[in-house]
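So the chains spell out like this:
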Amino acid sequence: MTPLELPLRLKCLLAGLLLLPLAVVPSAAASAAGTTVFAAASLKDALDEAARRFAADTGSRTTISYGASSALARQIEHGAPADIFVSADAEWMDYLDGRKLIRTESRVNLLSNRLVLISPAASAIGIRIEHGFALAGTLGRDRLAMADPDHVPAGRYGRAALESLGVWTLVSGKIARSENVRAALALVARGEAPLGIVYRSDALAERKVRIVDEFPVSSHPRIVYPAALTVASRSASAPGLLAFLRAPAVRAIWLRHGFTVLD
């Protein structure tokens, strides 16, 4: 480990810890009183707004815990009292489905997204994403911020894109791995990484970054956010909330935050 690598790894960890207050597991009593949602970190701004709209319309309270889909799925597996799970990819929903922890009949593909390369807003970096593009050379001795490419959906999508574009082997040793996509976003927003890979919705939520370019949709598996009720849910309002997230009234919220709505 180089002298420069340790501080950046620590910063990645601290960036991930910024989201921990959002990922506190609610008590069973809280779940009974309303609806508890475990959701991918990239959904935060849009889903918070949708939940406020649902509360205004129905009077029902929603508690949302955000984090990496992998971490949330494992929390549910170990008994965390979630009523609804919204993952950033199908694999972690399949993980719970295979363990009979979600109500399969309730599962829906809610949203899609785009993968983008970002830099700090004041950066003058210009690079076009194409096969063999000069990502490694642009980084130089610096690192690329991205969610953990081994476990977190945003990181896995990013790795797949870089592999298909022929540059992964050149940058795999330059990755600043983060706990989730919002932690990667924070590293770039603070200027601690010159470039990062996040979802388009994340980039639009942070004024301190700018989109350098979008990855071709053909360069990685389609980004899909599935949602489902959990088997353990006892919330009377959870089915209504899940249906509400697909309602026309919420469509404008998703679109404004940079998501694509799947019908």
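Residues numbered from 1 in each chain as written. Predicted model: local features only at pLDDT ≥ 70, side-chain atom pairs only at ≥ 80, totals over all residues. Heavy atoms only, no water.

Novice: Would you mind going over the overall build of the protein chain in detail, with residue names and values included?
Specialist: Secondary structure summary: the protein chain contains 12 helices and 11 strands in total. Taking all 263 residues of the protein chain together, 54% fall into the buried category. Across the protein chain, every contact between residues at least 6 apart in sequence was considered, and the portion connecting residues at least 24 apart equals 79%. Carbon and sulfur atoms provide 55% of the accessible area of the protein chain, an area that totals close to 11,500 Å². (Helix = DSSP H or I, 4+ residues; strand = E, 2+ residues; numbered from the N terminus. Buried < 20%, exposed > 50% of the residue type's maximum accessible area, 1.4 Å probe, protein only. Contact = heavy atoms within 4.5 Å. Areas by Shrake-Rupley, 256 points an atom, 1.4 Å probe, with all protein chains shown as cover.)

Novice: Hey, could you go over the side chain of Thr 230 for me, with residue numbers and the actual values?
Specialist: Mapped onto the elements of the fold, Thr 230 is located in the loop between β10 (225-229) and α11 (238-244). Separated by 3.2 Å, the side chain of Thr 230 and the backbone nitrogen of Ser 233 make a polar contact. Apart from residues no more than four positions distant in its own chain, Thr 230 is found in contact with Ala 82, Asp 83, Ile 84, Leu 101, Ile 102 and Arg 103. (Polar contact = N/O pair within 3.5 Å; in protein donor to acceptor, adjacent residues only side chain to side chain.)

Novice: Mind laying out the sheet that holds strand β8 (residues 195-199), listing which residues take part and the relevant values?
Specialist: Here 5 strands make up an open sheet; going across it, the order is β7-β6-β8-β5-β9 and the pairing mixed. Of all the strands in the sheet, just β7 (175-178) and β9 (209-214) have a single pairing partner and so form its edges. The average undirected angle you get between the axes of adjacent strands in this sheet is 35°. Where strand β5 (residues 115-120) meets β8, 4 bridges bridge the pair, whose relative direction is antiparallel. Its bridge partner lying in β8, Leu 115 is registered against Tyr 199. Relative to the sheet, helix α7 (residues 153-164) contacts β5, β6 (144-147) and β8, its axis offset from that of β6 by approximately 125°. Together, β5, β6, β7, β8 and β9 form the strand contacts of helix α9 (residues 181-189), whose direction differs from that of β8 by roughly 145°. (Pairing = 2+ DSSP bridges. Axes fitted to C-alpha atoms, helices over the stretch in contact; angles between N-to-C directions.)

Novice: Explain empty space enclosed by the protein residue by residue, including any values.
Specialist: The full count for this structure, using the stated rule, is 2 cavities of 30 Å³ or more. As a volume, the largest cavity reaches approximately 70 Å³. Taken together, Ser 42, Asp 45, Ala 46, Arg 182, Ser 201, Ala 205, His 257 and Phe 259 make up the lining of the second largest cavity. Every element with two or more residues in the lining of the second largest cavity is listed here: α3 (44-58) and α10 (200-205). (1 Å grid on protein atoms, 1.4 Å probe; cavity = no way out; pocket = protein on both sides within 12 Å on 5 of 7 lines; lining within 4 Å. Points joined across faces, edges and corners; volume = space filled by probe spheres on them.)

Novice: If you had to explain the nonpolar core to someone new, which residues and values would you point to?
Specialist: Counting 72 residues, the largest nonpolar core has Leu 43, Leu 117, Leu 144, Leu 162, Phe 215 and Trp 254 as the members making the most contacts within it. Ranked by residue count, the leading element in this core is α9, at 6 residues. Listed in part, the 13 residues of the second largest apolar core include Ala 73, Ala 82, Phe 85 and Met 93. (Core = buried A, V, L, I, M, F, W, Y, C linked by side-chain atoms within 4.5 Å.)

Novice: Account for the environment of Val 152, with residues named and values stated.
Specialist: Examined against the element boundaries, Val 152 turns out to sit in the loop between β6 and α7. With a relative accessible area of 6%, Val 152 lands in the buried category. Residues Val 152 and Gly 67, spaced 85 residues apart in sequence, show a C-alpha to C-alpha distance of 9.7 Å. Not counting residues within four places of it along the chain, the set of residues in contact with Val 152 comprises Ala 68, Ser 70, Ala 147, Glu 179 and Asn 180.

Any functional reading would require information that these geometric values do not contain.
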